[in-house]
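Given next are the chains, with one letter for each unit.
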Amino acid sequence: MSSPVFGNYIDGEWIAGGPMFENRNPANIDDIAGLFARGSAADVEAAAGAAAAALPAWAAMPAPARGNILYKAADILDRRFEMIAAEMTREEGKTLPESKGEVRRSINIFRYYAAEGARLAGMLAPSERERVQTFAVRKPVGVVALITPWNFPSAIPAWKLAPALICGNTVVLKPASAAPLSAWRLVEALHEAGIPKGVVNYVAGPGGALGDALIGARPVRGVSFTGSCQVGYKLHAEASRRRLRIQLEMGGKNPTIVLADADFNSAVENVVNGAFFSTGQKCTATSRAIVEDAIYGRFLEALVERTKRLKVGDGSQAGVEIGPCVDDAQIQTVMRYIEIGRKECGEPRAGGFRLSGGGYDKGYFIAPTVFADVTESMTIAQEEIFGPVLAVMRARDFDDAMRLANGVPFGLSASIQTTNVSRVFEYISRMEAGLLTVNLPSAGVEYQLPFGGTKDSSFGPKEQGQAALEFYSDFKTVYLKY
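Throughout what follows, the structure given in this document is the object of discussion. (Residues numbered from 1 in each chain as written. Predicted model: local features only at pLDDT ≥ 70, side-chain atom pairs only at ≥ 80, totals over all residues. Heavy atoms only, no water.)

## Observations concerning the overall build of the chain
Counting its regular elements, the chain contains 14 helices and 22 strands. Relative to the globule expectation of 23 Å for 482 residues, the C-alpha radius of gyration of the chain, 23 Å, shows essentially globular dimensions. Taking the principal axes of its C-alpha atoms as reference, the chain extends roughly 75 × 65 × 40 Å. Per-residue burial over the chain gives 56% buried out of 482 residues. Contacts in the chain between residues at least 24 apart in sequence constitute 73% of all its contacts with a sequence separation of at least 6. Carbon and sulfur atoms provide 53% of the accessible area of the chain, an area that totals close to 18900 Å². (Helix = DSSP H or I, 4+ residues; strand = E, 2+ residues; numbered from the N terminus. Rg over C-alpha atoms; globule rule 2.2 N^0.38 Å. Buried < 20%, exposed > 50% of the residue type's maximum accessible area, 1.4 Å probe, protein only. Contact = heavy atoms within 4.5 Å. Areas by Shrake-Rupley, 256 points an atom, 1.4 Å probe, with all protein chains shown as cover.)

Shown next, in the form of structure tokens:
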């Protein structure tokens, strides 16, 4: 059976033909989820030009009318919920329940920002002068480029697209080549909802060439990027030369602090969830478990036992908890870090190997891995791995745990497991991260609140919630004498 073909979307038209690339199932590389048009720099230029031409009319459309299109797109996605979730599992590898959760979140994001069209507030303030009325209204930034990753192939495009559109911007979206179909479905829904031609454009293909083309495209006035630090820093340097507005969400090396007074069983489950669900392929995943000395041995034993019981396999199958790495490059990266961990602190207490035999041979499966007695200077305690690998570290007490937690260049998310309210507020005050959880996994965010990190993890205004409007809009201030 031939694989379905998915074209790029430029100026309201689906454009296929020419070079294509394969979108393969990471649980079974013989399964091709689709063939995608390989975009070029010329396609990016055409898309940016179309977005520029569409900008005046879209920006002039009343914001509630823009919101109505987002509502219609959300309804279309809702009707196709099961299909889109199954496709996400097939192209990215996460389990079907996780995919369903992400698609539901994308639908909710569209509806949340659709509602913002009716309350896209500016500012009203009194003037010092008589008979002068002062106010400020929001205006769009212009053409924005959205560069999105493969690990949340629907939710992250949704949380960039929806606020950009409701603020009146036009868009060029470049999804990750490892999982382009989920974002394609969002654009398809917007197309069917009647979004005017040129307002949304979609160009898939190689990140380097298309990223350079997007940064260099003359109509582009803003760039929102989620991905690696290496790419983010390069984009920032190029965008700065053009004085573009830029927003970066990048890496994490997220800690979960486990204190001796924690609810023990819940703490074990939360660490396992944060470290291994979604195969550890979350920027908010727990990469370091920092455990208070008084319970270190007992906690490590329980953690290892629970990790060994995790069921790894094809995420479309019932009962599977952990899917594959997304592709060969990612599994090679994870295995390289596992070998580094072996040299630094010995054999892992769980996992540490690529799974083989049976259904594993055609996929990118790794046994969830736990390293014990990791110290702060080790590579696996400092660098992001982006896979199912957990470094367990020993802390003397709460203060030592906080020191270790903050002792990395990143500051995206963090978690603490404790029943001591005073420690909770100390942690909230002192933790150098943008997303904090208490007695929950370090991963798992909601769309109505700001999302973003500190230090090397992020740059620019936060995403999601009301905060997203600050990146995708500017103010026009008016002084009116009457």
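## Some thoughts on the pattern of salt bridges
Evaluation of the coordinates by the stated rule reveals 33 salt bridges. A salt bridge links arginine 80 to glutamate 188; the shortest N-O distance between them is 3.4 Å. Taken together, the residues arginine 80 in the loop between helix H2 (63–79) and helix H3 (81–92) and glutamate 188 in helix H6 (residues 181–192) connect sequence positions 108 residues apart. The residue lysine 160 makes a salt bridge to glutamate 463 at a minimum N-O spacing of 2.9 Å. Note that lysine 160 is positioned in helix H5 (residues 155–166) and glutamate 463 in the loop between strand E21 (458–459) and helix H14 (467–472), a separation of 303 residues in sequence. (Salt bridge = Lys/Arg side-chain N within 4 Å of Asp/Glu carboxyl O.)

## Quick look at the nonpolar core
Counting 67 residues, the largest nonpolar core has Phe110 and Leu165 as the members making the most contacts within it. With nine residues, the single largest contributor to this core is H5. When neighbours within four sequence positions are excluded, phenylalanine 110 is seen to be in contact with Leu70, Ala73, Ala74, Leu77, Ala158, Ala162, Leu186 and Leu190. Core analysis: the next-biggest nonpolar cluster, separate from the first, contains 31 residues, Ile290, Val334, Ile366 and Ile416 among them. (Core = buried A, V, L, I, M, F, W, Y, C linked by side-chain atoms within 4.5 Å.)

## What about the environment of isoleucine 32?
Tracing the backbone through its elements, the reader meets isoleucine 32 in strand E5 (residues 28–37). Remark: the alpha-carbon pair of isoleucine 32 and alanine 85, spanning 53 residues in sequence, is separated by 16 Å. When sequence neighbours within four positions are dropped, the list of residues in contact with isoleucine 32 reads Ser3, Glu22, Asn23, Arg24 and Arg90.

## Digging into H3
Spanning 12 residues, H3 covers 16 Å between terminal C-alpha atoms, matching the ideal 16 Å at 1.5 Å per step. For H3, the set of buried residues is Phe81, Ile84, Ala85, Glu87, Met88, Thr89, Glu91 and Glu92. Where the residues of H3 are buried, they touch strand E4 (20–25), H2, helix H4 (96–116) and H6. Immediately beyond the C-terminal end of H3, within one or two residues, lies glycine 93, with a positive phi of roughly 105°. (Expected span 1.5 Å × (residues − 1).)

## Here we look at a nonpolar patch on the surface
A contiguous nonpolar surface patch, about 310 Å² in accessible area, is contributed by Val421, Phe425 and Ile428. Considering the arrangement of structural elements, one finds isoleucine 428 in helix H13 (residues 421–430). Its relative accessible area of 41% is what places isoleucine 428 among the partly exposed residues. (Patch = residues over 30% accessible without salt bridge, like charges linked within 9 Å, V, L, I, M, F, W, Y side chains within 5 Å.)

This is a description of form; function is not addressed.
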